[in-house]
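Given next are the chains, with one letter for each unit.
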Amino acid sequence: ILKFFIDPIIGDAEVGYYNATKASEINSARKANLTIPNDVVILHDMQREWHTCNSGENNRKSDETCRNIWEKIWRAWVHVVYGPTGGFRRGVAIKVHEETSFAFKAEWFVKVDADTYLFPENVARYVEWKKWSHDEHHYFGHVLNHRVSDRGVSIVAGAAAFFSRATLLAAADAFRRMPMENGNLEEDGICRDAYTGTDEVVTAVCLKQYANVTAEPAIDSQGREEVALFDISDILSWNRTQMGEWWYWEGKERFPCHDKGDCLAHLPMAFHKYEPQYFYDFEKEFYGYVTKAKKNDASLFISDNGSLASRNWPNFDMTYQYLQRVRQAMGAAGPLQDSKRSSDLSGDISSQKRKRSSLGSSDRETVQRKDRLYCMVPFIWTPKLLPSYHAIRNTWGKRCDTLKFMIDPIIGDEHVGFKDLRSNSTADLPEDVVVIYDIQRPWNACPMSEEGNCRNIWEKVWRSWVWVDSHGGRDLAEWFVKVDADTYLFPENFKRYVRAKQLSPDEHHYFGHRLDHRIDNAAPIIAGAAVFFRYNSWFSRQYLLVSIVCSSDITIFLVFFSVDLRLWNRRKYIENFQMNIAAKDCVARDMKCAEMHTQTRKK
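Scoring rules and cut-offs
Residues numbered from 1 in each chain as written. Predicted model: local features only at pLDDT ≥ 70, side-chain atom pairs only at ≥ 80, totals over all residues. Heavy atoms only, no water. Buried < 20%, exposed > 50% of the residue type's maximum accessible area, 1.4 Å probe, protein only. Helix = DSSP H or I, 4+ residues; strand = E, 2+ residues; numbered from the N terminus. Pairing = 2+ DSSP bridges. Polar contact = N/O pair within 3.5 Å; in protein donor to acceptor, adjacent residues only side chain to side chain. Core = buried A, V, L, I, M, F, W, Y, C linked by side-chain atoms within 4.5 Å. Contact = heavy atoms within 4.5 Å. Phe/Tyr/Trp six-rings, centres within 6.5 Å; stacked < 30°, edge-to-face > 60°. Axes fitted to C-alpha atoms, helices over the stretch in contact; angles between N-to-C directions. 1 Å grid on protein atoms, 1.4 Å probe; cavity = no way out; pocket = protein on both sides within 12 Å on 5 of 7 lines; lining within 4 Å. Points joined across faces, edges and corners; volume = space filled by probe spheres on them. Nonpolar A, V, L, I, M, F, W, Y, C, P; charged D, E, K, R; others polar. Disulfide = S-S within 2.5 Å. Salt bridge = Lys/Arg side-chain N within 4 Å of Asp/Glu carboxyl O. pLDDT = per-residue confidence, 0-100. Parallel < 35°, antiparallel > 145°, perpendicular 65-115°, else oblique.

1. Considering the pairing of strand β7 (residues 108-112)
Alright, step 1. Residues F109 and K111 of β7 are buried on one face, while the alternating residues W108, V110 and V112, pointing to the opposite face, are not.
Alright, step 2. Bridge analysis of β7 against strand β12 (residues 160-164) gives five bridges, and the strand direction is antiparallel. Across the sheet, residue K111 finds its bridge partner in β12, namely A161.

So, in structure tokens, the structure goes:
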């Protein structure tokens with residue numbers, strides 16, 4: 001869940017200021033292109049305007065102080081738990097309604113600054129590694145101790161402050177009950193409303209005063225910080241002994257990395273103090289594809305191993321090596337099985353752990369579901385198409401659990417010459433390329449205008465799936481996709497999809513982009529750009545029996561339609577359709593075609 005909490009005053013000096021609490025001004029704001037999206041929450045009860053600093057009380061000139069971030073923070077958390085009521089109705093405190101409260105749509109919560117780049121998946125990994133439960137009190141992040149002397153509390157730096165559900169409920173209850181008097185004064189170490197431009201101290205004070213909750217440092221097993229407060233290129237080289245005990249180091253337990261450097265976690269939770277353009281660069285570094293570049297290209301940013309960076313990072317070699325370590329660590333950690341990204345997927349990690357701990361080893365494997373994806377790409381091995389091969393291997397193909405390119409036995413083109421691998425198998429092909437030697441129809445023996453029919457993609461598809469089954473495909477994955485070479489695939493989002501839909505690989509599933517324009521002939525089809533299946537050995541054995549239909553899209557539907565018991569009463573309709581197709585398609589073919597069709601009907 002992502003929400004942006006804003007003041008009711010929107011706009012700026014150029015387009016004008018508008019009060020979003022007033023309907024008339026909302027309409028005016030829309031004309032100024034200030035439409036408010038659905039993920040934005042207006043805190044209508046804010047008492048302090050953020051845009052009047054220069055003429056405000058005591059000639060305050062700091063936007064941060066003028067905006068009074070503390071008021072915005074406590075009102076935002078109260079809204080998350082109690083909704084827009086503020087926790088009271090007609091002056092009487094109300095209870096939390098689990099059905100409507102956002103506090104029960106997630107287990108963990110974070111207040112994150114707009115200049116912070118967050119790693120939500122690493123947050124989930126961290127709390128799982130710590131074996132924490134959201135029903136326990138946890139208030140954590142980058143802990144600073146320099147306010148212990150005057151406020152009596154350690155604080156979590158506001159770049160990214162994390163809360164368990166239990167702590168959030170306690171915090172919101174404290175915030176709605178705290179004194180509102182003297183709200184025009186600076187904070188003084190008491191849990192109350194205050195005119196202050198920071199939120200960390202008062203948050204820590206309220207949690208300790210009302211719930212006896214204290215800040216916990218988010219560090220890994222080697223003492224490396226999970227949240228970077230400053231530019232990572234600076235922090236990576238810091239030496240605590242040389243720098244001395246300034247406020248950043250004050251009161252922290254000492255670890256070797258404090259002097260050796262590289263004291264940022266390799267599964268970080270947040271990077272602070274970055275402009276928006278850096279967010280896109282981080283996305284490329286951690287989630288994009290890795291490309292190689294020539295060392296002598298001065299216009300590019302190239303690492304020692306030839307990898308192309310997204311920008312010229314400060315202290316380039318040290319910083320980029322760290323970014324690569326983060327990427328490798330995230331890849332090695334693998335997809336999260338227990339943590340989910342939406343309310344539909346939200347689960348109790350601690351309860352699942354307890355459930356697994358009571359099971360035997362074989363049962364644990366069952367609970368930890370596997371959703372491996374086998375990616376099959378029909379391909380033609382020609383110089384013209386080789387760039388597509390390399391692009392797939394170096395981008396989305398790396399995120400498939402198994403990747404295979406299925407090619408015709410005839411390779412090459414008219415310029416380099418054609419080679420038939422059935423009679424000359426000396427070609428040096430990569431391991432992820434599979435030659436379907438049994439293909440009967442040469443792809444290169446017809447005019448270009450008829451290439452689609454000449455290639456006969458249907459034959460290649462069904463023979464490829466037969467090859468997958470006969471070469472141990474069932475042991476390599478639970479899910480399978482036939483994907484075109486001009487399609488960009490998101491394997492990780494596919495896995496999220498089947499988990500969100502609670503699809504089981506032990507049930508029949510055939511899905512993708514559904515098209516209905518052939519429904520007059522039989523039924524909807526799945527567009528061939530990306531066709532997904534669960535594994536089904538029956539499917540691969542029977543594929544050949546329905547090969548009389550030239551369109552792979554239609555035939556695949558027939559196979560799965562006929563095995564769906566809920567639609568068994570439509571079997572007669574399917575048989576009639578198959579016979580009509582066979583009558584048209586078997587003309588000018590040998591009797592084996594008709595025999596195969598008869599076998600299909602019997603099956």
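Here the narrative resumes.
2. Describing the side chain of T395
Alright, step 1. Looking at the element boundaries, T395 is found in the loop between α15 (386-394) and β17 (402-407).
Alright, step 2. Residue classification places T395 among the buried positions, given a relative accessible area of 10%.
Alright, step 3. Engagement of the side chain of T395 in a polar contact is seen with the backbone oxygen of A391, the distance being 2.6 Å.

3. Focus: unusual backbone geometry
Alright, step 1. At K131, a position not held by glycine, the phi torsion is positive, near 60 degrees.
Alright, step 2. The backbone of Q502 sits at a positive phi, close to 55 degrees, despite the residue not being glycine.

4. Side note on the nonpolar core
Alright, step 1. W70, F175, I232, F271 and F282 are the most contacted members of the largest nonpolar core, which totals 73 residues.
Alright, step 2. Here the element with the most residues in this core is helix α3 (residues 69-82); it accounts for nine residues.
Alright, step 3. Apart from the residues within four sequence positions on either side, F282 is in contact with Y117, I232, F271, Y274, Y287, W313 and L323.
Alright, step 4. One finds L403, I407, V483 and V498 within the second-largest nonpolar core, a separate group that totals 24 residues.

5. Quick notes on the packing of aromatic side chains
Alright, step 1. If you walk through the whole model with that rule in mind, you get 47 aromatic pairs.
Alright, step 2. A centroid spacing of 5.6 Å and a plane angle of 25 degrees characterise the contact between Y139 and F163, whose relative ring orientation is stacked. Of this pair, Y139 sits in strand β9 (residues 139-141) while F163 sits in strand β12; the two residues are 24 residues apart in sequence, bridging distant segments of the chain. When sorted by exposure, Y139 lands in the same class as F163, which is buried.
Alright, step 3. With 4.9 Å between their ring centres and 85 degrees between their planes, W238 and Y248 make a pair best called edge-to-face. Within this pair, whereas W238 is found in the loop between α8 (232-235) and α9 (240-243), its partner Y248 is found in the loop between α9 and α10 (257-260), the two being separated by 10 residues in sequence.

6. Some words on the sheet that holds strand β8 (residues 116-118)
Alright, step 1. With mixed pairing, three strands are arranged side by side in an open sheet as β8-β15-β14. This sheet does not close on itself; its edge strands, each paired only once, are β8 and β14 (227-228).
Alright, step 2. Two elements, β14 and strand β15 (residues 270-272), share two bridges in a ladder whose sense is parallel. Of the residues in β15, the one forming a bridge with V227 is A270.
Alright, step 3. The strands that helix α11 (residues 276-287) touches are β8 and β15; relative to β8, the one it contacts most, it runs at about 25 degrees.

7. A closer look at empty space enclosed by the protein
Alright, step 1. Scanning all chains against the criterion turns up six cavities of 30 Å³ or more.
Alright, step 2. By volume, the second largest cavity is sized at about 50 Å³.
Alright, step 3. Taken together, E225, I235, W238, Y248, W249, C257, H258, G261 and C263 make up the full set of residues lining the second largest cavity.
Alright, step 4. For the lining of the second largest cavity, a count of residues per class yields six nonpolar, two polar and one charged.

8. Structural notes on the state of the cysteines
Alright, step 1. Counted by the stated rule, this structure contains three disulfides.
Alright, step 2. For C191, the disulfide goes to C206, at an S-S distance of 1.9 Å. Its torsion about the S-S bond being 100 degrees, the disulfide of C191 and C206 is classed as right-handed. In this pair, C191 sits in the loop between α6 (165-177) and α7 (200-211) while C206 sits in helix α7, placing the two residues 15 residues apart along the sequence.
Alright, step 3. The disulfide partner of C375 is C400, and the gap between their sulfur atoms is 2.0 Å. Judged by the sign of its S-S torsion, about -90 degrees, the bond between C375 and C400 is left-handed. Separated by 25 residues along the polypeptide, C375 in strand β16 (residues 373-379) and C400 in the loop between α15 and β17 bring together distant segments of the chain. Both residues of the pair, C375 and C400, count as buried.

9. Some details on the sheet that holds β9
Alright, step 1. One open sheet accounts for four strands, arranged β7-β12-β9-β13; its pairing is mixed. Two strands in the sheet have a free side with no partner beyond their single neighbour: β7 and β13 (216-217).
Alright, step 2. Taken together, the two bridges between β9 and β12 define a ladder with antiparallel strand orientation. Across the sheet, the residue bridging to F140 is F162, located in β12.
Alright, step 3. Most of the contacts of α3 go to β7, to which it runs at about 155 degrees, and overall it touches β7 and β12.

10. Observations regarding the side chain of D408
Alright, step 1. Its location among the elements puts D408 in the loop between β17 and β18 (410-413).
Alright, step 2. At a separation of 2.4 Å, a polar atom in the side chain of D408 contacts the side chain of K460.
Alright, step 3. Setting aside residues no more than four positions away along its own chain, D408 makes contact with F379, I380, V435, I439, W443 and K460.

11. Looking at the pattern of salt bridges
Two side chains bearing opposite charge may form a pair once their charged atoms approach each other closely.
Alright, step 1. Within this structure, the stated rule accounts for 31 salt bridges.
Alright, step 2. Of the charged contacts in the structure, one is a salt bridge between E71 and R75, with a shortest N-O distance of 2.8 Å. Within this pair, E71 and its partner R75 are both found in helix α3, separated by four residues, close to a single helical turn.
Alright, step 3. Judged by its relative accessible area of 0%, E71 falls in the buried class.
Alright, step 4. On the basis of relative accessibility, which here comes to 17%, the residue R75 falls in the buried class.
Alright, step 5. In this structure, E245 and R240 form a salt bridge, with 2.8 Å as the shortest nitrogen-oxygen distance.
Alright, step 6. Its relative accessible area of 46% is what places E245 among the partly exposed residues.
Alright, step 7. On the basis of relative accessible area, R240 is assigned to the buried category, the value being 4%.
Alright, step 8. Look at the salt bridges and you will find they share partners, linking R48, E71, R75 and D193 into a network.

12. Section: the confidence of the model for the protein
Alright, step 1. For the protein, per-residue confidence averages 80 on the pLDDT scale, and 74% of positions sit at 70 or higher.
Alright, step 2. Scored below 50 in pLDDT, residues 536-594 shows 90 contacts in the model against residues more than four places distant or in partner chains.

13. Comments concerning the packing of α6 against α7
Alright, step 1. Between α6 and α7, whose axes approach to 9 Å, the crossing angle comes to 95 degrees. Judged by the inter-axis angle, α6 sits roughly perpendicular to α7. Across from T167, A170, A171, A174, F175 and R177 in α6, the residues of α7 making contact are T203, C206, L207, Y210 and A211.
Alright, step 2. Residue composition of the contact of α6 with α7, grouped by class: eight nonpolar, two polar and one charged.

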